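Chain residues, written in single-letter form:
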Amino acid sequence: MRKLFWRYNWGALLLIGSTGAAQAQTPAGSEFVSVCPIPKPLIEQPFTPIADLPVGAIAVLANRADIDSQTSVASFYGNVEVQIDKQQLRTEQAQINQQTGNIVASGQTRFTDGYVQVASENFRLNSGENRAYLSGARYQVAENGARGQADVLSVSPQQVSLEGSTFTTCPTDNPAWQLKAETITLDEADKQGEAQHARFELFGVPVLYIPYLSFPTSADAKSGFLFPTIRSSQKNGFEFEVPYYVAIAPNMDATITPRYMAERGLQMQGEYRYLSETGGGQFNLAYLDEDKSWQTDNSRYLWRVEHQQDWSPHWQSYVNGIFISDDDYLNDFGSDFAGRADAQLYRHAQANYLTDDWQIKIRVEDFELLGSYRSPYRTLPQIASEYQWVGPRGLDYRLFTEISHFQNQDNDADYATRVHIEPEVSYHVEAPAYDWLAELSYSYTRYNQNATSQGRAENPERGIPQLRWRGRLNFERDVIFNKRGYRQTLQPQVQYLYAPYKDQSNIGIYDSTLMQDDYRGLFRARRFSGLDRISDANQVTVGASTGIYDQAAREVFRFSAAQIYYFDEPQTQLLSSDSAVTTSRSDLALETRFRIAERWYFNAALQYDMELNRTQKSQTAIEYRKGPVNLLQLSHRKATNILGNNIEQLGMQSVLELTPQWQLAANWYYDLQYKRTNDGLLAVQYSDCCWAMRVGAYRRINRNLEVQQNNAGVDAPEFDNGISVQFIIKGLGSDNRSLLDLLEQSLFGYRHPFHLSN
C-alpha cells in the first residue's frame, strides 16, 4: 500500500518557481531578439510545494475529499493537486486507489515531471508500470521549448512516448515546420528523440516521408545527419553534400560528408576531433578516387593534421600540416583550411622546452609552393636554443644557437647543414620621457653544402659583427578639438645600424627572403628573414608616430612615417636583383589609422619611392562594423613588381543585417589593370526562430596554376560561375557559420584593415 497524504485546501496556494516550459533566452546583441516569441507555458500557475515528502508517497491538496474504506479509493474534488516525487498533477477531480497506487483524473488536467509539461482532458497513472497516460494532450519540453500534440501521451521515468503526434521547436502558433508521426519517443537521459513513420511538413504541406528519424532534444551534440547543401557551378556542375555527425564521446567527434559533383564524381570528406586535459587535435581528409573532368585517372585528395600537446610544465609540442594532391586542388574544390588565392602551404612539427632563462626549439618544416616556382627546401630538422641572462649594471646577455639541415624537395643531392652561433649583449634604458637601446652582436655561421655545382662552396664560413642603437622620445599634451578634450602623443625615434659587408654569394638560399619595408620593418635589425643572408648596413632610420586619444583612452587617430638613409648602399642580395639597393634612401613608409566615428574606421599603409616619385605599395581600407552581423569594407591596394607583375585592385566586402530576418553578404574585387572582376559573391539569408535559407551566387577567376606561366592564361582568363542553396531547420540540427564565414570561402577572403607588414 502506498502512503497517502492529503489535506483540505481552503487557502491560497503558496507561490513557488514554476516548472514551466523553458523560455528561449536570446543573448544581448543577437540578430533574432525581436523575431522569436517566448512560448506561453502550459502550466501558468505554479504548484504548491509539499515539503519532506517520502520517496514514492502520494501527497494531495484538494478542497474536498471522500474516502471509501471498503475499496480504499479516495476521491478528491476542487483544485486538486497531486505530487509523487517529481511528478505533479493539477485537475478538477481525481480518484486514488491506496492499494495499487493508481490514479485517475478528469477535467482540465495539467501535468509535469520537470522534463515535460502536458495539458489534457484526463489522466491515468498505472503504478505497476510506473507510467502515466494522457489523451488528447498538448505538450512542451522544458529544456528546448519543443512542443506539439498527441492522441495519447505516456510518461515514464526519463521517457515520453507520443502516439499520433506532432513535434516542432517553432514557438509560433502556426509553425513553419513540424513532424507528424505515428510514434515519437523523447528520451530525457539521452536527450534525443526518435520518430517512426514521420511526415515532414513545411508551412502545413507534407514534403518528405521519413520511415525513421533520430533528432536531438537539447543543444548537446548527437549523432545524425546535418542539413545538406546544394550548389551548381561551371567547373563542378550540380553539387550535393550531406554531412553525418558522429558523437563518439564528450571529448571526441567526427563528421563524414559525401559530396557529389556531377562533373567530377563522388568525393568523401571526413573530420575527426578530439580533446584531452593536456592537448587536442583534429584530422581532416577529402578524397576523390577519379576526377571525371580530368584526362588522367589520378585521384585527388587533401588531408590535414593538427595536434597540440602539453607534456609537462616545460615541454610542449605542436604539429600542423595540410597536404594536397595537385596545385589546382584548392582552386577546384576549396577548403576551410586554405584560401583559393594561397600561393603556398606551410607544414611543421615542433617541440618546445621553456624555462625562465632557456628556450629550446626542435622543429621540422616544409613549404609547398603552388605553381611553377623554384623548389623550396625542407628543414629536417632544426634545433635552436636561446639563453637570456640579466647581468649587473643593466646589461642583458643573450646567446642564440641553431643547427639546421635542409633538403631540396625535388633533388636529393641538394642538401646542406648550417650551424649558427650568435652572442649578444644589450643595454636598455627606459624612462617616462624617453627610452633607448644599444645592442652589440656577432653572428658566426658555418655550412656543409653538397650542391657545389651551383656555385656554392662546400664549407663556407661567415662571421659578421653588428651594432644597433635605437632611441625614442615620448611627448604628450592635452588638446581641445570641437569643444572636446583629447590627449596627443608624439614619439620620434631614430636608429643607427652597422654591419660590415661579407661576400655570401657562395652560400645557398635555404630559408631567407626579403622582408617588408613598412613602418615597423624599417626599424628591424635585419633586411632578410632566416640566416642565409645577413645584409651589410651603414644606415640611420628616422621616423615618428603620433596618436590622439579620447577621454576614455581610446585611440582615435594614429599617423606614422619613417625612412632609411644609407651612408653606404647595401651590397648583399638574394638570388635576383630585386633585393638590391640602388638609392641613398629607402621608400618612405607611411601608416595611418583613424576612428572616423563610433563604428567607422579608416586604415592606410603606403610605401613611396622618392627617387622615382611613385607608389611602390599601398593598401587603403574604410570599414564600418556594428557587432558580428554588420560589416562594410571598401578597399584599394596597389603593388609593383610582384613576380614581375603589377597589381592594382578595388575591393568591397559587406555583411549587412537588413532586418532581423534578412541578412545580405557581398564581395567584389575589380582588377584596374586588366579592367575585369576577379572575384564576386552575393548571398542572401532569411532566418527566423524556426528555419533559415541561404542562397549565394559567385563569379571568380579560375586560377590554373599548372599553366600560370602562360601569358594567355593571364590575358584571357577563364571564370567559374556558381550558385549554392542551403536550407536549415532549427531544432533538428544547426549550422553555426555566419555570412562572414561565407566570405572567407571566396578568392579574396575578409581581412581586417590592412597593413603591409609580413
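Calculation criteria
Residues numbered from 1 in each chain as written. Predicted model: local features only at pLDDT ≥ 70, side-chain atom pairs only at ≥ 80, totals over all residues. Heavy atoms only, no water. Helix = DSSP H or I, 4+ residues; strand = E, 2+ residues; numbered from the N terminus. Buried < 20%, exposed > 50% of the residue type's maximum accessible area, 1.4 Å probe, protein only. Areas by Shrake-Rupley, 256 points an atom, 1.4 Å probe, with all protein chains shown as cover. Salt bridge = Lys/Arg side-chain N within 4 Å of Asp/Glu carboxyl O. Phe/Tyr/Trp six-rings, centres within 6.5 Å; stacked < 30°, edge-to-face > 60°. Disulfide = S-S within 2.5 Å. Lys, Arg positive; Asp, Glu negative; His and termini not counted. Contact = heavy atoms within 4.5 Å. Pairing = 2+ DSSP bridges. Core = buried A, V, L, I, M, F, W, Y, C linked by side-chain atoms within 4.5 Å. pLDDT = per-residue confidence, 0-100.

Participant: I'm lost on the overall build of the protein chain in this one. Help?
Facilitator: Within the protein chain, the secondary structure is distributed over three helices and 42 strands. Per-residue burial for the protein chain yields a buried fraction of 44% across its 758 residues. By element, 54% of the accessible surface of the protein chain is carried by carbon and sulfur atoms, the whole surface being about 38,500 Å².

Participant: For this particular structure, what's the right way to read the pattern of salt bridges?
Facilitator: Close approach of charged atoms lets side chains of opposite charge pair. Taken as a whole and judged by the stated rule, the model has 42 salt bridges. Arg 64 is the partner of Asp 66 in a salt bridge, and the nearest nitrogen-oxygen pair spans 3.0 Å. Residue Asp 66 is classed as partly exposed on the basis of its relative accessible area, which comes to 37%. Taking the relative accessible area as the measure of exposure, Arg 64 reaches 41% and is therefore partly exposed. Arg 554 is the partner of Asp 550 in a salt bridge, and the nearest nitrogen-oxygen pair spans 3.0 Å.

Participant: Even after reading the chapter, I still don't get the packing of aromatic side chains, so can you show me in this structure?
Facilitator: In this description, a pair of aromatic rings is defined by centroid distance and the angle of the planes. Under the definition given, this model contains 23 aromatic pairs. Between Phe 283 and Trp 303, the aromatic rings sit 6.2 Å apart at their centres with planes inclined by 40 degrees, giving tilted as the arrangement. With a gap of 20 residues between them, Phe 283 in strand β20 (residues 279-288) and Trp 303 in strand β21 (residues 300-310) connect regions that are remote in the sequence. A ring pair is formed by Tyr 329 and Phe 333, whose centres lie 4.8 Å apart and whose planes are at 35 degrees; its orientation type is tilted. Taken together, the residues Tyr 329 and Phe 333, both in helix α1 (residues 329-333) and four residues apart, mark about one turn of the helix. Accessibility assignment for this pair places Tyr 329 and Phe 333 in one class, buried. Each member of the aromatic cluster is reached from another via a ring pair, and the members are Phe 203, Trp 662, Tyr 686 and Trp 691.

Participant: Explain the state of the cysteines to me, please; I cannot follow it from the model alone.
Facilitator: Covalent bonding between the sulfur atoms of two cysteines defines a disulfide. Under the criterion given, the structure shown has one disulfide. Across the disulfide from Cys 170 sits Cys 690; the S-S distance is 2.2 Å. In this pair, Cys 170 sits in the loop between β10 (159-167) and β11 (177-187) while Cys 690 sits in the loop between β40 (676-687) and β41 (691-701), placing the two residues 520 residues apart along the sequence. A single burial state applies to Cys 170 and to Cys 690, both of which are buried.

Participant: Would you explain unusual backbone geometry in this entry?
Facilitator: With the exception of glycine, the majority of residues adopt a negative phi angle, and the majority of peptide bonds are in the trans configuration. For the bond from Leu 380 to Pro 381, the omega torsion is -10 degrees, close enough to zero to count as cis. Relative to the helices and strands, Pro 381 is located in strand β25 (residues 377-390). For Asn 130, which is not glycine, the phi torsion reads 55 degrees and is therefore positive. Along the chain, Asn 130 falls in the loop between β7 (116-126) and β8 (131-141). Take Asn 130: its relative accessible area is 36%, and that puts it in the partly exposed class. Of note in this structure, Asn 482 is not a glycine but carries a positive phi near 55 degrees. Mapped onto the fold, Asn 482 is located in the loop between β30 (475-481) and β31 (484-499).

Participant: Help me understand the side chain of Arg 131, please; the structure alone is not making it clear to me.
Facilitator: Mapped onto the fold, Arg 131 is located in strand β8. As a buried residue without a salt bridge, Arg 131 has its nearest oppositely charged side chain in Glu 129, at a separation of 4.8 Å. In contact with Arg 131, other than residues within four places in its own chain, are Arg 124, Leu 125, Asn 126, Ser 154, Val 155, Ser 156, Gln 159 and Ser 161.

Participant: Is there a simple way to explain the pairing of β7 in this structure?
Facilitator: Each regular strand carries side chains that alternate between the two faces of the sheet. Looking at chain direction, strand β6 (residues 103-112) and β7 are connected through eight bridges and run antiparallel. Paired with Ala 105 across the strands is Phe 123, a residue of β7. Sheet topology note: the β7/β8 ladder contains seven bridges and is antiparallel. Looking across to β8, one finds that Val 116 is bridged to Val 141. Where β7 folds back on β8, the antiparallel hairpin that results is connected by four residues, among which Asn 130 adopts a positive phi of roughly 55 degrees.

Participant: Teacher, can you tell me more about the nonpolar core here?
Facilitator: When a protein is soluble and globular, its nonpolar side chains tend to lie buried together. In terms of nonpolar packing, the biggest core is built from 54 residues, with Leu 153 and Leu 186 touching the most fellow members. The residues contacting Leu 186, other than those within four sequence positions of it, are Tyr 115, Tyr 139, Val 141, Gln 158, Gln 159, Val 160, Leu 162, Phe 167, Gln 192, Gly 193, Phe 215 and Thr 217. With 12 residues, the next largest nonpolar core counts Tyr 329, Leu 330, Phe 333 and Leu 345 among its residues.

Participant: Please explain the pairing of strand β12 (residues 192-202) as it appears in this structure.
Facilitator: Relative to β12, β11 is paired through 10 bridges, and the arrangement is antiparallel. Across the sheet, residue Thr 185 finds its bridge partner in β12, namely Glu 194. Examined bridge by bridge, β12 and strand β13 (residues 205-216) share 10 bridges and lie antiparallel to one another. Within β13, the position partnered with Gln 196 by the bridge is Tyr 212. Where β12 folds back onto β13 in an antiparallel hairpin, the turn is made up of two residues, including Phe 203, whose phi is positive at roughly 50 degrees.

Participant: How should the environment of Arg 676 be read in this particular structure?
Facilitator: One can find Arg 676 in strand β40. In this structure Arg 676 comes out as buried when scored by relative accessible area, which is 14%.

Participant: For this particular structure, what's the right way to read the confidence of the model for the protein chain?
Facilitator: Low pLDDT marks regions whose predicted coordinates should not be analysed in detail. Within the protein chain, residue pLDDT values average 83, and 88% of them lie at 70 or more. Low pLDDT, under 50, characterises residues 1-34; the predicted model gives this stretch 82 contacts beyond four residues in sequence or across chains. Low pLDDT, under 50, characterises residues 752-758; the predicted model gives this stretch 25 contacts beyond four residues in sequence or across chains.

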